[in-house]
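# Results of the structural survey
The lines below spell out each chain.
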Amino acid sequence: MSFRFSQPRLAGQRYVPKITKHEENLQAQICTYIKLQYPHVIFKSDYGAGLKLTINQAATQKRLNSSRSFPDLFIYHPMQHGDTHYCGLALELKKEGTTIVVTRGERKGHLTSNPHIQEQYLMLKQLSKLGYCANFAVGFDDAKKKIDAYFGRQSFANETIF
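Reference entry: report on the structure contained in this document.

Another point: the nonpolar core. Ile30, Leu73, Ile75, Leu93, Ile147 and Phe151 are the most contacted members of the largest nonpolar core, which has 19 residues in total. Sorting the residues of this core by element identifies α1 (22-37), β2 (73-75), β5 (89-94), β6 (133-138) and α4 (139-150) as the ones contributing at least two each. The leading source of residues in this core is α1, at four residues. Among residues more than four places away in sequence, those in contact with Leu73 are Ile30, Ile34, Phe43, Lys44, Ser45, Leu89, Ala90, Leu91, Leu93 and Ile147. Within the second largest apolar cluster, 12 residues are counted, among which are Ile100, Ile117, Leu127 and Phe136.

Structure below.
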């Protein structure tokens, strides 16, 4: 069996698929970072969130969860920051360059009009009310900063958009 590529490859070149899975790569990087820097921490990354499911799989997934828009990363480690106690850290990971909050115009400072991001925002807001530190993280550096701050390696400021 032979595979056809759109362009001939030179010896030693590897095949790079046209579709890049940015959020999947970001999740892998963050999980590796947590394992190396915080080996004692229990966490869960929702790898299945970005998969294309069949109709039957999607129906099963819907049946097995209380609702949609669960964050991509949950860290099950309670922390105390000043007078505030958090049950854990929930991060909705977004690839670098994703717009969460409008930065100019009449809607400056407001949540973007993307319905998926609005749905995720509502879930993060609900988790925040339940005692979790919950927020968006855009790109590796932002996620790393929020994780390090949560564990006290940087000054903690729960910069929420709530």
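On to the side chain of Ser45. Within the element layout of this structure, Ser45 appears in strand β1 (residues 43-45). A polar side-chain atom of Ser45 sits 3.4 Å from a polar atom in the side chain of Gln27. In this view, Ser45 contacts Gln27, Cys31, Asp72 and Leu73; residues no more than four positions away in its chain are not counted.

Okay, the sheet that holds β6 next. The sheet built from four strands is open, its strands ordered β1-β2-β5-β6 with mixed pairing. On the outer flanks of this sheet lie β1 and β6, each paired with one strand and no other. Between one strand and the next, the sheet's axes are offset by a mean angle of 15°, whatever the strand orientation. Pairing of β5 with β6 involves six bridges; the strand directions are parallel. Bridged to Leu91 within β6 is Asn135. Most of the contacts of α1 go to β5, to which it runs at about 145°, and overall it touches β1, β2 and β5. α4 contacts β2, β5 and β6 of the sheet and is inclined by roughly 155° relative to β6.

How each quantity is defined
Residues numbered from 1 in each chain as written. Predicted model: local features only at pLDDT ≥ 70, side-chain atom pairs only at ≥ 80, totals over all residues. Heavy atoms only, no water. Core = buried A, V, L, I, M, F, W, Y, C linked by side-chain atoms within 4.5 Å. Buried < 20%, exposed > 50% of the residue type's maximum accessible area, 1.4 Å probe, protein only. Helix = DSSP H or I, 4+ residues; strand = E, 2+ residues; numbered from the N terminus. Contact = heavy atoms within 4.5 Å. Polar contact = N/O pair within 3.5 Å; in protein donor to acceptor, adjacent residues only side chain to side chain. Pairing = 2+ DSSP bridges. Axes fitted to C-alpha atoms, helices over the stretch in contact; angles between N-to-C directions.

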